[in-house]
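# Secondary and tertiary structure notes
As a plain string of letters, each chain reads:
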Amino acid sequence: MTFEVGPAGESAMRLIFSEPPQPALTRKLLAIQDTAQQYFSETLIDSVIGYTTLTLFFTPFKFERDRAEAWLREQADNPMPETSRPGERAEQPVILPAFYHPSVAPDLEWLANDTGLSVDDVIRLHCEQTYFAYATGFAPGFCYLGNVDSRLVTPRLNTPRPHVPAGAVAIADSQTAVYPCDSPGGWRLIGACPERLFTLESTPPSKLSVGDFVRFEPISEADFYSMSRPT
Amino acid sequence: MNALQIQRAGIASSVQDSGRFGMLQMGIPPAGAMDWCALVSGQRQLGHLQDEAAIEVAYGDFVASPTDDCHIVVTGAPVSLSIDHQPVSPTSVHTVAGGQTLDIKAAAAGVYSYLHISGGVATAPQFASRSTSPREGVGGLNGGYLRNGDVLPIGDFAGSEGGADPHLITARTRETLWLRFVPGFQYAALSDAAIKDLLQSDYIVTPKANRMGVTLAGTTIETGIQTLLSEATCHGAIQIPPDGQPIVLLNDRQTVGGYPKPGAVIRSDCLRLAQARPGQKVRFALCSPEEADRIQWLEQHYLETRLR
């Protein structure tokens with residue numbers, strides 16, 4: 001596997017693989033992240049997994065750049081982990097209920113038209129796929145899920161919407177996601193999930209993490225409104 | 001228990017300490033004081049030792065009254081300061097009686113000032129910090145910017161005798177602010193012409209400058225990179241969106257992003273950028289990681305010697 005290791009600013013180190021994203025690569029990144037926490041202990045203050053990257057953030061002045069770089073190269077050269085590491089979430093997918101209806105999904109009919117599918121086919125294709133959580137970020141609890149059925153691949157909006165409601169189920173390129181909180185957003189909105197994906201009071205606060213498998217399950221309007229929490 | 005009653009909260013005032021760490025993977029940015037030297041200076045002047053939170057005021061426009069007697073000091077961007085309408089030295093520690101009114105007004109330079117109150121702002125910490133992350137609704141008072149009429153709890157003072165050089169100001173004006181950056185991320189994938197444009201053009205700080213980042217205006221950088229897989233950003237990362245105008249990402253940045261980044265501006269220059277007003281001329285310059293270490297060490301040494 002080819003990779004690069006280099007600085008991400010003055011106190012972070014970044015490992016990037018040149019392979020396309022795939023669950024096995026993400027598991028390798030998760031394994032390195034886990035080992036890094038033990039190896040560097042308190043000098044490592046943060047770490048972030050991207051589609052093909054792991055970035056380690058260190059305490060300034062306690063950061064030994066050469067050592068961190070050499071260690072990351074050594075880890076990257078290790079073979080892919082063959083089995084799940086202990087404590088890893090089961091490969092049983094997390095089920096997210098979703099209400100697919102134009103009243104909560106302004107782009108659902110547009111997507112059907114654009115792809116030449118029926119609305120029912122769009123819903124069916126979105127629910128048939130088991131997705132993998134490649135990265136989190138953008139907003140707390142936002143999880144980049146891939147890949148959507150090739151027939152549903154769609155570009156993001158040219159101009160992002162200033163307001164996307166929490167729970168919006170969205171597609172952009174070959175990714176899908178649920179917006180965890182009200183925010184601006186440029187993804188196409190095809191449904192609404194009544195579950196809260198990020199709750200500060202929960203441990204952990206985020207329902208989804210990198211490495212999870214996720215499926216969407218269509219629900220009725222009545223279920224959607226009875227499951228939605230009052231705001 | 002002391003409390004601060006806010007009559008005028010200003011445009012973007014928030015509770016900040018030195019920020020929260022370990023939450024990036026969750027999508028929560030570090031937040032924390034944009035001018036950490038000003039934060040530490042005020043903490044030490046009041047004798048605070050536990051990273052007590054202060055009120056960060058942008059473009060100083062803040063009026064408030066403590067309910068009990070306390071000491072206060074304002075650090076960071078210069079301000080004019082009055083107590084019960086009497087102008088007082090804006091850089092000294094003052095004793096304020098319960099019920100007196102503090103009025104902070106912006107002076108001609110800088111952006112972020114810090115009002116420190118003995119005992120510190122005592123809102124409930126979230127994920128080990130009181131810093132406000134408004135977009136995420138984390139920390140501070142109810143997770144957001146302060147509003148007129150808010151009442152902030154103030155802790156009991158448990159420090160020691162204060163001591164710090166009151167003239168620790170990093171927000172002095174300068175014709176050109178140099179932004180030294182450590183190359184990384186997509187630096188090697190950018191064309192020579194794009195790097196030359198970045199290094200040899202003047203940029204101007206635009207009004208699109210806030211706690212998330214500072215958007216610059218100047219020569220358009222053609223990265224030639226269409227799509228990138230989302231990856232971690234970092235403090236100071238120079239992000240080039242499709243319009244080619246660089247954005248330097250700061251404390252409240254998105255934790256991941258998919259725009260090309262030729263590198264990251266070093267911390268000490270980020271601090272000065274955060275304190276720069278729109279219209280400030282800036283230039284980018286390359287900086288090796290070793291040189292960045294040296295500068296960081298010198299800055300820390302400077303800070304420490306003035307905090308004694």
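Residues numbered from 1 in each chain as written. Chains lettered and ligands numbered in written order. Predicted model: local features only at pLDDT ≥ 70, side-chain atom pairs only at ≥ 80, totals over all residues.

## As for the sheet that holds strand β9 (residues 102–106) of chain B
Residue and element names in this part refer to chain B. What the 6 strands build is an open sheet, ordered β7-β6-β9-β4-β1-β11; its pairing is antiparallel. Among the strands making up the open sheet, the edge pair consists of β7 (86–88) and β11 (151–153). Put simply, the sheet's adjacent strands are angled 30 degrees from each other on average, direction ignored. As paired elements, strand β1 (residues 3–8) and strand β4 (residues 61–66) share 4 bridges and run antiparallel to each other. Residue pairing for β4: arginine 8 is matched across the bridge by valine 63. (Pairing = 2+ DSSP bridges. Helix = DSSP H or I, 4+ residues; strand = E, 2+ residues; numbered from the N terminus. Axes fitted to C-alpha atoms, helices over the stretch in contact; angles between N-to-C directions.)

## Regarding the interface of chain B and chain A
Chain B puts 31 residues into the contact, and the matching count from chain A is 33 residues. Those elements that provide at least two residues to the side of chain B that touches chain A are β15 (231–232) and α4 (289–306) of chain B. A per-element tally of the side of chain B that touches chain A places α4 of chain B first, with 4 residues. Residues of the side of chain B that touches chain A, tallied by class, amount to 16 nonpolar, 11 polar and 4 charged. (Contact = placed C-beta atoms within 7 Å. Nonpolar A, V, L, I, M, F, W, Y, C, P; charged D, E, K, R; others polar.)

## Quick look at the domain arrangement of chain A
Residues and elements named next belong to chain A. In terms of domains, chain A is made up of domain 1 (3–77) and domain 2 (94–227). On a C-alpha basis, the centroid separation for the pair domain 1 and domain 2 is 29 Å. Contact with domain 1, which involves 8 residues of that partner, is made by 6 residues of domain 2. Ranked by the residues each element gives to the side of domain 1 that touches domain 2, the list is headed by helix α1 (residues 23–40), at 4 residues. Considered class by class, the residues forming the side of domain 1 that touches domain 2 number 5 nonpolar, 2 polar and 1 charged. (Domains from an automatic or database assignment.)

## Some points on the sheet that holds strand β7 (residues 139–146) of chain A
Residues and elements named next belong to chain A. An order of β5-β13-β6-β7-β10-β9-β12 is seen for the 7 strands of this open sheet, with the pairing classed as mixed. Strands at the two margins of the open sheet, each flanked by one partner only, are β5 (94–98) and β12 (188–192). Along the sheet, successive strands turn relative to each other by an average axial angle of 35 degrees, direction set aside. The sheet strands contacting helix α4 (residues 119–128) are β12 and β13 (213–218), and the helix crosses β13 at an angle near 150 degrees.

## Regarding the pairing of strand β4 (residues 53–58) of chain A
Residues and elements named next belong to chain A. Of all 6 residues that make up β4, 6 are buried, and the element is covered over most of its length. Residue alternation in β4 divides its side chains into two sets, Thr53, Thr55 and Phe57 and Leu54, Leu56 and Phe58, and both sets are buried. Here strand β2 (residues 12–17) runs beside β4; their pairing, made up of 5 bridges, is antiparallel. Bridging across to β4, alanine 12 finds its partner in phenylalanine 57. Sheet topology note: the strand β3 (residues 44–49)/β4 ladder contains 5 bridges and is antiparallel. Within β4, the position partnered with serine 47 by the bridge is leucine 56. Taken together, β3 and the strand that follows it, β4, pair antiparallel across an intervening segment of 3 residues. (Buried ≥ 20, exposed ≤ 12 C-beta atoms within 10 Å, placed from the backbone.)

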